[in-house]
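Per-entry structural report
Okay, here's what each chain looks like letter by letter:
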Amino acid sequence: HLYINGFYWGLYNPVERPADLEELPEPPWEELRKRIKPLRDPVRRLKDLGYWVTMEGKGAFESAWMLLRGLEEIWYDIADDPGFVKRMSERALDSVVRLGLMVAEECDLDAIWITDDMGTQHAPYFSPETFRNIFREPARAMVNAFHRAGLKVTYHSHGNVTALFGDLVEIGYDSIDPLDSYDGMDLKTLKQRYGGDTVLKGGISCTIAGMSRDQLREHIQTVARTGGNERFILSGAGGVPPEMKVGDFNYYRELVSRARRNEPLPRT
């Protein structure tokens, strides 16, 4: 795939028809292991510094379209042949699990971070019923496999996935992010409903570059107070916007650092 302006563009999709799924060769696992081994020392240095080290893997939806089928094609498949999509998801996640366990074995990971964007700013891409029929059980099997290996499993989806949130919690993800208000995610409601069942992570909007310093301070303060001191990790929903000025970014860093320590936030 190519990653351009925030989107993945497929160069080649190995599954053009259902029969192709059965004929897919296994990845060259031992060759991959050789490529993983050089990561041991960098990961160890990070862990010695106290960092929490994760590996990114794709989730039940993204793994099927990114690794096997392509996005446009899978939309038709979800409507016309949901069983085929479920089989693709299961096959793709088998590889995600095997690779994740291999990396964990070689590098002593703490967690697997599953990215699986599933919504627009208004709603999930598909109904809760469709999610449950196709993607929920493959996702649960993946989470269970990583948990059996002693790994935490964190979940990431942009978009308004409120309608799916209960299912994501029930699957067993240890944390869910990024909870962006820009996507219509209501942190207060999510905290009330699910704050006792999973760790909520994020809350800081991807729109921070367009805020004045006073607005930024108020935003960070509100998010920190809403998330609270238990089972919540204050963090950004979209990284650092490239248009954010360096001085504003430094002020933002100070705000977040102090909010995480429950210290008074500095004024401009």
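Relevant structure appears above.
Now for a look at the structure at hand.

Criteria and thresholds
Residues numbered from 1 in each chain as written. Predicted model: local features only at pLDDT ≥ 70, side-chain atom pairs only at ≥ 80, totals over all residues. Heavy atoms only, no water. Helix = DSSP H or I, 4+ residues; strand = E, 2+ residues; numbered from the N terminus. Buried < 20%, exposed > 50% of the residue type's maximum accessible area, 1.4 Å probe, protein only. Salt bridge = Lys/Arg side-chain N within 4 Å of Asp/Glu carboxyl O. Axes fitted to C-alpha atoms, helices over the stretch in contact; angles between N-to-C directions. Parallel < 35°, antiparallel > 145°, perpendicular 65-115°, else oblique. Left-handed = near helix turned anticlockwise from the far one by under 90°. Contact = heavy atoms within 4.5 Å. Nonpolar A, V, L, I, M, F, W, Y, C, P; charged D, E, K, R; others polar. Phe/Tyr/Trp six-rings, centres within 6.5 Å; stacked < 30°, edge-to-face > 60°.

1. Description of the side chain of Arg140
- By the element assignment, Arg140 lies in helix α8 (residues 136–148).
- Taking relative accessible area as the criterion, Arg140 reaches 18% and is therefore assigned buried.

2. Here we look at the pattern of salt bridges
- Under the definition given, this model contains 23 salt bridges.
- In this structure, the salt-bridge partner of Lys37 is Glu106, at a minimum N-O distance of 3.3 Å. Highlighted residues: Lys37 in the loop between α2 (29–36) and α3 (40–48) and Glu106 in helix α6 (residues 82–107), separated in sequence by 69 residues.
- On the accessibility criterion, Lys37 (35% relative accessible area) is partly exposed.
- Put simply, Arg213 and Asp248 hold a salt bridge, and the shortest N to O gap is 2.8 Å. Of this pair, Arg213 sits in helix α11 (residues 213–227) while Asp248 sits in helix α12 (residues 246–260), placing them 35 residues apart in sequence.

3. Digging into the packing of helix α4 (residues 60–69) against helix α5 (residues 71–80)
- As a packed pair, α4 and α5 sit with axes 9 Å apart at the nearest point and diverge in direction by 120°. For the element pair α4 / α5, the angle class is oblique. Classified by chirality, the crossing of α5 by α4 is right-handed. Two secondary-structure elements touch here, α4 through Phe61, Ala64, Trp65 and Arg69 and α5 through Leu71, Glu73, Ile74, Trp75, Asp77 and Ile78.
- The residue inventory of the contact of α4 with α5, partitioned by class, reads 7 nonpolar, no polar and 3 charged.

4. Re the environment of Asn133
- Structurally, Asn133 can be placed in helix α7 (residues 128–134).
- For Asn133, a relative accessible area of 55% puts it in the exposed group.
- Residues Asn133 and Arg267, spaced 134 residues apart in sequence, show a C-alpha to C-alpha distance of 50 Å.

5. Concerning the packing of aromatic side chains
- For the structure shown, the criterion picks out 10 aromatic pairs.
- One aromatic cluster is present, formed by Phe61, Trp75, Tyr125, Phe126 and Phe135 through successive ring pairs.

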